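Each chain is listed here by its residues.
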Amino acid sequence: MAIPTFLADLRALVGTRKLWLSAAAAVVLDDQDRVLLAQRADDGRWALPGGILEPGEEPADGVVRECFEETGVEVVPEVLASVSVTPDVTYPNGDVTQYLVLVFRCRAVGGEARINDDESLAVGWFGMDELPPMIEQEHQRLREGREAKGGTFFTWDGKERS
């Protein structure tokens, strides 16, 4: 899986030092209340579609781009559901990153769920009672996306708000 060119250029300068990056994730629900998930090629985990935002890219544009690149599904962002910060992530090559993650609830408007690039091993729609194994962060983002009614979930002073 290739990393964005801007990130490869930056890594050439800073090595494995911790980088602060922005990312967007999509909670895409269909009319049967199923969620769109992709199985990641890098670690085999099932996750919401999403990824690193390009420099200067609007987050909503980024979530649309990432969703299509990974799943072949065209979406329209409806609600910014949550804003959070991940713990440090250390990759097998030693690179360290921390992410600001923006989760959008999105509506599918076209395309067909399929493996659309080398970032996904599998793509599919899943009912809430038939979800594949996912890490807790993904479950939390899914809950926030489903529950967002126009407000945004965030943490302030150690307490969750919406």
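This is a predicted model, so every value here is computed, not measured. (Residues numbered from 1 in each chain as written. Predicted model: local features only at pLDDT ≥ 70, side-chain atom pairs only at ≥ 80, totals over all residues. Heavy atoms only, no water.)

S.K.: Is there a simple way to explain the nonpolar core in this structure?
M.R.: The tendency in soluble globular proteins is for nonpolar side chains to be buried side by side. Membership of the largest hydrophobic core comes to 21 residues, with the highest contact counts inside it found for Leu21, Val27, Val35, Leu37, Tyr99 and Val103. Looking at this core, the element that brings in the most residues is strand E1 (residues 19-29), giving six residues. Not counting chain neighbours up to four residues away, the residues in contact with Leu21 comprise Phe6, Leu7, Ile52, Thr97, Gln98, Tyr99 and Leu100. Grouped together as the second largest cluster of nonpolar side chains are 14 residues, Ala24, Val63, Val73 and Leu102 included. (Core = buried A, V, L, I, M, F, W, Y, C linked by side-chain atoms within 4.5 Å. Buried < 20%, exposed > 50% of the residue type's maximum accessible area, 1.4 Å probe, protein only. Helix = DSSP H or I, 4+ residues; strand = E, 2+ residues; numbered from the N terminus. Contact = heavy atoms within 4.5 Å.)

S.K.: What is the right way to look at the packing of aromatic side chains in this model?
M.R.: Two descriptors summarise a pair of aromatic rings, namely the distance from one centre to the other and the angle between the planes of the rings. In total, this model carries one aromatic pair according to the counting rule given. With a centroid separation of 5.1 Å and an interplanar angle of 75 degrees, the aromatic rings of Trp46 and Phe126 are classed as edge-to-face. Within this pair, whereas Trp46 is found in strand E3 (residues 46-47), its partner Phe126 is found in strand E8 (residues 120-126), the two being separated by 80 residues in sequence. Side by side, Trp46 and Phe126 carry an identical accessibility label, which is buried. (Phe/Tyr/Trp six-rings, centres within 6.5 Å; stacked < 30°, edge-to-face > 60°.)

S.K.: What's the story with the pairing of E1 in this structure? I'm lost.
M.R.: Within a regular beta strand, the side chains point alternately toward one face of the sheet and then the other, so they alternate between its two faces. Counting buried residues in E1 gives nine out of eleven residues, a clear majority hidden from the surface. For E1 and strand E7 (residues 96-111), the ladder comprises eleven bridges, and the chain directions are parallel. Within E7, the residue paired with Ala26 across the bridge is Phe104. Judged from the three bridges that link them, E1 and strand E4 (residues 50-52) form a sheet pairing that is antiparallel. (Pairing = 2+ DSSP bridges.)

S.K.: Help me understand the side chain of Arg11, please; the structure alone is not making it clear to me.
M.R.: Considering the arrangement of structural elements, one finds Arg11 in helix H1 (residues 5-14). When neighbours within four sequence positions are excluded, Arg11 is seen to be in contact with Thr16, Arg17, Leu19, Asp95, Val96 and Thr97.

S.K.: I tried to follow helix H3 (residues 136-147) on my own but got confused; where do I start?
M.R.: Owing to its 3.6 residues per turn, the α-helix aligns residues three or four sequence positions apart on the same side. For H3, spanning twelve residues, the distance from its first C-alpha to its last is 16 Å, which sits close to the expected 16 Å at 1.5 Å a residue. Listed as buried for H3 are Glu138, Arg141, Leu142, Glu144 and Gly145. In an axial view of H3, the angular spread of the buried residues amounts to 165 degrees, which keeps them on one side of the axis. (Expected span 1.5 Å × (residues − 1). Arc of directions from axis to C-beta.)

S.K.: Would you mind showing me how to read the state of the cysteines here?
M.R.: Linking two cysteines covalently via their sulfur atoms produces the bond known as a disulfide. A full pass over the atoms with the stated rule returns zero disulfides. Cys67 takes part in no disulfide bond, and the closest cysteine sulfur, belonging to Cys106, lies 6.4 Å away. Under the relative-accessibility criterion, Cys67 is labelled buried at 0%. (Disulfide = S-S within 2.5 Å.)

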